[in-house]
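Okay, here's what each chain looks like letter by letter:
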Amino acid sequence: MQEWDQRAIVKAAQEKGVEWYFQPFKKWHFQPPTASHMSGVWERLIRSVRKVMKAILGHPHAFVDRETLRTLFAEVVGILNTCPLCPSSDDPKDMEPLTPSHFLQQRQGLAIPPGVFEDSEMFSRKKWKRAQVLANQFWARWVREYLPILQVRKKWLVPKRNLQVNDLVLVVDSTQPRSHWNLGHVTKVFPGTDGLVRTAEVKTQSSLLVRPIAKLCLLEETK
């Protein structure tokens, strides 16, 4: 079965005119059927995307044709490829994170919307506007699914690490435009009488913010 899968992939690549030796991975490894739990990280991401797409396209008013759907999926791919993975350098002043786009395009992929679109434009005759409205709806709902993956909050039954100065965090802000991730470094923490940090001061690329830790997702601890 493994050998057949390899041959099928090579054949499909050749039929599409893709030189196999140009591929970054010349051998593919497959997991057993019905074992999605073996691919925890990306399967969880696929699940969150599927759940949101079902929600925004399951409404009767969200009926779209093939071209609009393809445009929407292209926007969704752009959003996913801008997710911050880790810092791109050790410089604390460098706020540009490493994203999947850096591996795919050798640059930061920006999927900033080409304008402001109201929900009423879902009924516009211009299909590209409908696709942009759906992309905005996907962003608003998917962020609520994705951020809890980064921000694990449990009851303080056992001592856990507090936020510290120079930690890299993602600032949760529902008003940010699509595909914009507001990263910053912690510059000051405010511990309570029990020694636990519940508020922190964060320096972003454009401003200095004070936020509760519930609105901060730790991406990388300071060294």
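The structure we're discussing is the one just above.
Every value quoted in this text rests on a predicted model; they were computed, and no experiment measured them. (Residues numbered from 1 in each chain as written. Predicted model: local features only at pLDDT ≥ 70, side-chain atom pairs only at ≥ 80, totals over all residues. Heavy atoms only, no water.)

1. Examining the overall build of the chain
Then step 1. Along the backbone of the chain there are five helices and seven strands.
Then step 2. Reading the chain from its N end, one meets helices and strands in the order α-α-α-β-β-α-α-β-β-β-β-β.
Then step 3. Put simply, the chain has 223 residues, and 32% of those count as buried.
Then step 4. Restricting the contact set of the chain to residue pairs at least 6 apart, pairs at least 24 apart contribute 51%.
Then step 5. When the accessible area of the chain is evaluated, it comes to approximately 15,400 Å², of which 57% is carbon and sulfur surface. (Helix = DSSP H or I, 4+ residues; strand = E, 2+ residues; numbered from the N terminus. Buried < 20%, exposed > 50% of the residue type's maximum accessible area, 1.4 Å probe, protein only. Contact = heavy atoms within 4.5 Å. Areas by Shrake-Rupley, 256 points an atom, 1.4 Å probe, with all protein chains shown as cover.)

2. Remarks on the nonpolar core
Then step 1. Counting 25 residues, the largest nonpolar core has Met53, Phe138, Trp142, Leu147 and Trp181 as the members making the most contacts within it.
Then step 2. Listed in part, the nine residues of the second largest apolar core include Leu163, Val197, Ala200 and Leu209. (Core = buried A, V, L, I, M, F, W, Y, C linked by side-chain atoms within 4.5 Å.)

3. Things to note about unusual backbone geometry
Then step 1. One non-glycine residue, Asn166, adopts positive backbone phi at about 80 degrees.
Then step 2. Along the polypeptide, Asn166 turns up in the loop between α5 (127-150) and β3 (168-171).
Then step 3. Under the relative-accessibility criterion, Asn166 is labelled partly exposed at 42%.

4. Regarding the packing of helix α3 (residues 66-80) against α5
When two helices pack together, their arrangement is given by the angle between their axes and by how far apart the axes lie.
Then step 1. Contact pair α3 / α5: the axes reach a minimum separation of 9 Å and the direction vectors enclose 40 degrees. For the pair α3 and α5, the sense of crossing is right-handed. Within the contact between the two elements, α3 uses Thr68, Thr71, Leu72, Glu75, Val76, Ile79 and Leu80 and α5 uses Lys127, Ala131, Gln132, Leu134, Ala135, Phe138, Trp139 and Trp142.
Then step 2. Partitioning the contact of α3 with α5 into residue classes produces ten nonpolar, three polar and two charged. (Axes fitted to C-alpha atoms, helices over the stretch in contact; angles between N-to-C directions. Left-handed = near helix turned anticlockwise from the far one by under 90°. Nonpolar A, V, L, I, M, F, W, Y, C, P; charged D, E, K, R; others polar.)

5. Describing the pairing of strand β4 (residues 182-191)
Then step 1. The sheet contact formed by β3 and β4 spans four bridges and is antiparallel. By the bridge assignment for β4, Val169 is matched with Gly184.
Then step 2. As defined by bridge partners, β4 adjoins strand β5 (residues 197-204) across seven bridges and the pair is classed as antiparallel. Residue pairing for β5: Val186 is matched across the bridge by Val202. (Pairing = 2+ DSSP bridges.)

6. Details of the packing of aromatic side chains
Two measures describe an aromatic ring pair: the distance that separates the ring centres and the angle between the ring planes.
Then step 1. According to the stated counting rule, one finds three aromatic pairs in the structure shown.
Then step 2. Seen in terms of ring centroids, Phe138 and Trp142 are 6.0 Å apart; in terms of plane orientation they differ by 10 degrees. Their pairing is stacked. Taken together, the residues span about one helical turn, with Phe138 and Trp142 both in helix α5 at a distance of four residues. Comparing Phe138 with Trp142 shows no difference in burial state: the two are buried.
Then step 3. Measuring from centroid to centroid gives 6.3 Å for Trp142 and Trp181, while their planes differ by 85 degrees, and the two rings are edge-to-face. (Phe/Tyr/Trp six-rings, centres within 6.5 Å; stacked < 30°, edge-to-face > 60°.)

7. Some details on a nonpolar patch on the surface
Then step 1. Together, Val41, Trp42 and Ile46 make up a nonpolar patch on the protein surface, roughly 350 Å² of accessible area in all.
Then step 2. Position of Val41 relative to the elements: it lies in helix α2 (residues 40-57). (Patch = residues over 30% accessible without salt bridge, like charges linked within 9 Å, V, L, I, M, F, W, Y side chains within 5 Å. Salt bridge = Lys/Arg side-chain N within 4 Å of Asp/Glu carboxyl O.)

8. Comments concerning the sheet that holds strand β7 (residues 216-220)
Then step 1. If you walk across this open sheet you meet the five strands as β6-β5-β4-β3-β7, and the pairing is antiparallel. Looking at the sheet topology across the chains shown, the edges are occupied by β6 (208-212) and β7. Pairwise comparison of adjacent strand axes, ignoring direction, gives a mean angle of 45 degrees for this sheet.

9. Observations concerning the pairing of β6
Then step 1. Two strands pair when backbone bridges link them, and β5 and β6 are joined in this way by five bridges, in the antiparallel orientation. Opposite Glu201, over in β6, you have Val210 as the bridge partner.
Then step 2. The loop that links β5 with its antiparallel partner β6 comprises three residues.

10. Let's talk about the side chain of Thr68
Then step 1. Mapping Thr68 onto the fold places it in helix α3.
Then step 2. Looking at Thr68, its side chain comes within polar contact range of the side chain of Asp65, at 2.6 Å.
Then step 3. Other than its neighbours up to four places away in sequence, Thr68 contacts Lys127 and Ala131. (Polar contact = N/O pair within 3.5 Å; in protein donor to acceptor, adjacent residues only side chain to side chain.)

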